[in-house]
Amino acid sequence: MSESDVQEGHRFPAPEQLAAQANVGADVYAEAERDRLAFWESAARRLSWAQEWDQVLDWSNPPFAKWFVGGKLNIAYNCVDRHVEDGHGEQVAYHWEGEPGDTRTITYAQLKDEVCKAANALLELGVQAGDRVAVYMPMIPEAVVAMLACARIGAVHMVVFGGFSSDALASRITDSGAVVVVTSDGGYRRGAPSALKPAVDEAVARTDSVRNVLVVRRTEQDVEWTEGRDLWWHDVVDRQSTEHTPEAFDAEHPLYIMYTSGTTAKPKGILHTSGGYLTQVAYSHWASFDLKPDTDVFWTSADIGWVTGHSYIVYGPLANRATSIMYEGTPETPHRGRWFEIIEKYGVTILYTAPTVIRTFMKWGEDVPAGFDLSSLRVLGSVGEPINPEAWLWYHKNIGGGRCPIVDTWWQTETGAHMINPLPGVTDLKPGSAQTPFPGISAKVVDDEGNELGDDTTGLLVLTEPWPSMLRTIWGDDDRYVDTYWSRFGTEVYFAGDGAKKDDDGDIWLLGRVDDVMNVSGHRISTTEVESSLVAHPAVAEAAVVGASDPTTGQGIVAFVILRGSAEDSGDELVQTLRTHVARDIGPIAKPRQIMVVQELPKTRSGKIMRRLLRDIAENRELGDVTTLTDSSVMNLIKDKLPANS
Ligand code: WTA
């Protein structure tokens, strides 16, 4: 199978054996089409409700949706207790692998005890339903326990990726008003302990809502201690009772806030609620991956600090009583076969990862996976950015042994769960395309006026009906929620911010962001956020940032900066200083790949920076149309400054 076969539309049919036993068949699309609300209602019945809803969807005040109105449930009970009550207490919920090679096996019964203890501890600290709890943790089981403990008592968790800076943590704590931070001394990263507590200390010092910091001991690094505020997890949680009676909360009770980059410098607090979220996350996890709780070993390789971790390491798998892998570290520690070793060791059957990881594996070569027994795998998943056909084919052949369907899942922090993807026992796969709206989801490709497009014409992706796991608002900012997502085509059409096209077969191809959001290794980073960080440095007068295509990370961050008159153009040294400055300010994931010092930036007559032209430069393209530029000689000035190879 070559790239040209793919271009000629070669399809990969669903493997027969898998199709014969798949959780869902082709009829699911017709069923959902016939009655969308009845379809989601039956998906909701896979959960355990303390009280039935009296209305499936209230869309009387768009874009503010309410799902399963009047229903009540406890999310933690659904993820843990009910499986123990059903006699599955001894089933493993997580096989956890620490980066240094230490391991823990956690059964559903043990998880239930830990979650109850942590819930009792939070209650002792005065945390009440509706309060916000920040979680800033490495990939250790206590991160999951903390999330579920919040859900159990109706507190709203707000997980911040451990790779974010103290600044990023501080602004999220302030915006959400978190009263407790759960963290750890550190975690293991690339073979060494990496501290987390110092960033929490710095962040909390600059905020005023946090009463307590609960610290898990992981690396045994020395930590600063603020008496009265800081508490060791093992002191407070371990002595609690394993009994805690879950209270049922309203289906629309807030479950969590997850901050994500938007087109301005201020991240948006995406709010997810309970009943609809768990319904769609659990159903999609079961249908998209054909999850069989008794026999599968499921592994999502994401970090818990991203939505993929929330929906497909924690809530979906636990709601479905899956046995999951949780791995703390990086793929190359202590060697490049680490992931494959884990797949072999635990007999992983379903692997869900990102194109950027696949491309890194491609660079390392097919000999690495070939050295391990990967025959347990039966379904593969992809998320985070479009998967290019070359990476798809490599994944299919070298990891999937040519037999595993690849489920390319398009979705967003805002959508909460899968929205466009093939189904493994149903769809004939087309490498590079996410193909089909999920059953019960209405997606269209439209032009600027909102007219539907087909025939390979590039347009914008929109969602035309509300869905259960949709965001409910931006925390504390309903207006921004309406403006960002529901104003471009009216209040009943969700604008995703992605370009897309529909091919002759009606399959959807996602084409990346159409706004000022970059996608670096599957992480969303706003150009404005990096620009504000750069101009906050005393040497920088003005900055423009673009995402330029990158063979491994999808996009790489390229910055153009104008220095202040007083700043000497000290060349490489200053560039390094600025790169480090951004990494420290936002987090290492936002560190620019390249910074170019220029005299001027191309602007339109209305003063808008023409990022399109800068992107042309960063990607070595012939310059596009420069007629709207105030002074086209600017571009020559910039080009003259560039190193020969960039
Ligand atoms: C992009 C991650 C193409 C897209 C779950 C989206 C994708 C943004 C895919 C959301 C995919 C994610 N194909 N593009 N399979 N998955 N994206 O919020 O641009 O971190 O808008 O959610 O990633 O990123 P987020």
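Residues numbered from 1 in each chain as written. Predicted model: local features only at pLDDT ≥ 70, side-chain atom pairs only at ≥ 80, totals over all residues. Heavy atoms only, no water.

As annotated in an unreviewed UniProt entry, the chain carries the name Acetyl-coenzyme A synthetase and is attributed to Geodermatophilus telluris. Its UniProt record gives the chain the following Sequence similarities (unreviewed entry) comment, quoted word for word: "Belongs to the ATP-dependent AMP-binding enzyme family." (UniProt positions renumbered as here; feature names shortened; annotations may be inferred.)

Novice: How should the packing of aromatic side chains be read in this particular structure?
Specialist: A ring pair, where both rings are aromatic, is described by two values, the distance of the centres and the angle of the planes. This structure, assessed with the given rule, holds 36 aromatic pairs. Of the aromatic side chains, those joined through ring pairs into one cluster are Trp-59, Phe-64, Trp-467, Tyr-481, Tyr-485, Trp-486 and Tyr-494. Over the ring of Trp-286 we find Arg-46, and its NZ or CZ is 4.6 Å from the ring centre. Above the plane of the ring of Trp-509 lies Lys-501, whose end atom (NZ or CZ) is 5.7 Å from the centre. (Phe/Tyr/Trp six-rings, centres within 6.5 Å; stacked < 30°, edge-to-face > 60°. Lys NZ or Arg CZ within 6 Å of the ring centre and 35° of its normal.)

Novice: What is the right way to read the site of the ligand from this model?
Specialist: Taken together, 17 residues are adjacent to the ligand, and Asp-408, Thr-409, Thr-413, Asp-498 and Arg-524 come closest. Taken together, the elements giving at least two residues each to the shell around the ligand come down to helix H12 (307–319) and strand S25 (508–513). Across the shell around the ligand, the residue classes break down as six nonpolar, six polar and five charged. (Near = heavy atom within 4 Å. Helix = DSSP H or I, 4+ residues; strand = E, 2+ residues; numbered from the N terminus. Nonpolar A, V, L, I, M, F, W, Y, C, P; charged D, E, K, R; others polar.)

Novice: Looking at this structure, how should I read the UniProt feature "binding site: Mg(2+)" (unreviewed entry) in the chain?
Specialist: Listed under "binding site: Mg(2+)" (unreviewed entry) in the UniProt record, and renumbered for this structure, are Val-535, His-537 and Val-540. Topologically, Val-535 is positioned in helix H18 (residues 527–535). Accessibility expressed as a relative area gives 34% for Val-535, which makes it partly exposed. Beyond its immediate chain neighbours, meaning those up to four positions away, Val-535 contacts Val-540, Ala-541, Glu-542 and Ala-543. Here Val-540 falls in the buried class, since its relative accessible area comes to 0%. Discounting residues that sit within four places of it in the chain, Val-540 has contacts with Leu-534, Val-535, Val-561, Ile-562, Leu-563, Arg-564 and Leu-578. (Buried < 20%, exposed > 50% of the residue type's maximum accessible area, 1.4 Å probe, protein only. Contact = heavy atoms within 4.5 Å.)

Novice: Help me out: how do you make sense of the pairing of strand S1 (residues 55–61) in this one?
Specialist: It is a general feature of regular strands that their side chains alternate between the two faces of the sheet. Of the pairings in the sheet, the one linking S1 to strand S2 (residues 64–69) comprises four bridges and is antiparallel in character. Following the sheet pairing, Asp-58 is matched in S2 by Lys-66. (Pairing = 2+ DSSP bridges.)

Novice: Can you help me understand the UniProt feature "modified residue: N6-acetyllysine" (unreviewed entry) in the chain in this one?
Specialist: In the UniProt entry, the feature "modified residue: N6-acetyllysine" (unreviewed entry) is given for Lys-608. For Lys-608, the position within the fold is in the loop between strand S30 (594–597) and helix H20 (611–618). A relative accessible area of 57% places Lys-608 in the exposed class. Not counting residues within four places of it along the chain, the set of residues in contact with Lys-608 comprises Pro-602 and Lys-603.

Novice: I'm lost on the sheet that holds strand S18 (residues 350–353) in this one. Help?
Specialist: Sheet strands line up and pair through hydrogen bonds in the backbone, either parallel or antiparallel. Read from one edge to the other, the open sheet built from seven strands follows the order S5-S4-S17-S16-S18-S19-S20, with strand pairing classed as mixed. Two strands lie at the open edges of the sheet, namely strand S5 (103–107) and strand S20 (406–408), each paired on one side alone. Taken over all neighbouring pairs, the strand axes of this sheet differ in orientation by 20° on average, direction set aside. Examined bridge by bridge, strand S19 (residues 379–382) and S20 share three bridges and lie parallel to one another. Paired with Leu-380 across the strands is Ile-406, a residue of S20. Running over the sheet, helix H6 (residues 108–124) touches strand S4 (92–97) and S5 and is turned about 90° from S5. (Axes fitted to C-alpha atoms, helices over the stretch in contact; angles between N-to-C directions.)

Novice: Can you help me understand the nonpolar core in this one?
Specialist: One recurring pattern in soluble globular proteins is that nonpolar side chains are buried together. Counting residues in each nonpolar core, the largest one holds 114 residues, and the members touching the most others are Leu-111, Leu-148, Ile-304, Val-314, Tyr-315 and Leu-318. With 10 residues, the top contributor of residues to this core is helix H7 (residues 141–153). Discounting chain neighbours no more than four positions away, the residues touching Leu-111 are Val-80, Ala-93, Tyr-94, Ile-106, Val-145, Leu-148 and Leu-318. Among the nonpolar cores identified, the runner-up in size contains 47 residues, and Val-204, Ile-257, Trp-306 and Val-597 belong to it. (Core = buried A, V, L, I, M, F, W, Y, C linked by side-chain atoms within 4.5 Å.)

Novice: Can you help me understand the pairing of S18 in this one?
Specialist: Side-chain alternation along S18 places Ile-350 and Tyr-352 on one buried face and Leu-351 and Thr-353 on a second face that is also buried. Summarising the sheet, strand S16 (residues 297–300) and S18 pair through three bridges and their orientation is parallel. Paired with Phe-298 across the bridge in S18 is Ile-350.

Novice: Looking at this model, I keep getting lost on the pattern of salt bridges. Mind explaining?
Specialist: A pair can form between side chains of opposite charge whenever their charged atoms are brought close. A complete count under the given rule lists 38 salt bridges for this structure. Residue Glu-385 is joined to Arg-359 by a salt bridge in which the shortest nitrogen-to-oxygen separation is 2.9 Å. Highlighted residues: Glu-385 in the loop between S19 and helix H16 (389–399) and Arg-359 in helix H14 (residues 355–364), separated in sequence by 26 residues. Comparing Glu-385 with Arg-359 shows no difference in burial state: the two are buried. (Salt bridge = Lys/Arg side-chain N within 4 Å of Asp/Glu carboxyl O.)

Novice: Got a minute to help me understand the packing of H6 against H7 in this structure?
Specialist: The packing of two helices is summarised by the inter-axis angle and the distance between the axes. At their nearest, the axes of H6 and H7 sit 8 Å apart, and the two run at 65° to each other. Note on packing geometry: the crossing formed by H6 with H7 is right-handed. Contact residues: H6 offers Leu-111, Glu-114, Val-115, Cys-116, Ala-118, Ala-119, Leu-122 and Leu-123, while H7 offers Val-145, Leu-148, Ala-149, Cys-150, Arg-152 and Ile-153. Here the contact of H6 with H7 is built from residues that sort into 12 nonpolar, no polar and two charged. (Left-handed = near helix turned anticlockwise from the far one by under 90°.)

Novice: Looking at this model, I keep getting lost on the environment of Glu-328. Mind explaining?
Specialist: Tracing the backbone shows Glu-328 in the loop between strand S17 (323–327) and helix H13 (338–346). Sequence separation between Glu-328 and His-95 is 233 residues; the distance between their C-alpha atoms is 11 Å. Sequence-distant contacts of Glu-328, that is, excluding residues within four places in its chain, are made with Trp-96, Glu-97, Gly-98, Glu-99, Pro-100, Pro-138, Met-139, Ile-140, Gly-187, Tyr-188, Arg-189 and Arg-218. Polar side-chain contacts of Glu-328 include one of 2.8 Å to the backbone nitrogen of Glu-99. A polar side-chain atom of Glu-328 sits 2.7 Å from a polar atom in the side chain of Arg-218. (Polar contact = N/O pair within 3.5 Å; in protein donor to acceptor, adjacent residues only side chain to side chain.)

Novice: Please explain unusual backbone geometry as it appears in this structure.
Specialist: Cis peptide bonds are those with omega within 30 degrees of zero, and the linkage from Pro-62 to Pro-63 qualifies with 5°. Secondary-structure assignment places Pro-63 in the loop between S1 and S2. Look at the link from Thr-333 to Pro-334: it is a cis peptide, with omega at -5°. Mapped onto the elements of the fold, Pro-334 is located in the loop between S17 and H13. Despite not being glycine, Asp-290 shows a phi value in the positive range, around 55°. Of note, Asp-290 is situated in the loop between helix H11 (275–288) and S16. A relative accessible area of 2% places Asp-290 in the buried class. Of note, the phi angle at Ser-521 is positive, near 50°, even though the residue is not glycine.

Novice: I keep staring at the sheet that holds S25 and nothing clicks. Help me out?
Specialist: Taken in spatial order, the four strands line up as S21-S22-S24-S25 in an open sheet, and their pairing is antiparallel. The sheet terminates laterally at strand S21 (443–446) and S25, the two strands that pair on one side only. Going across the sheet, the axis of each strand differs from the next one's by a mean of 45°, ignoring polarity. Pairing of strand S24 (residues 494–502) with S25 involves four bridges; the strand directions are antiparallel. Residue pairing in the sheet places Lys-502 in a bridge with Ile-508 of S25.

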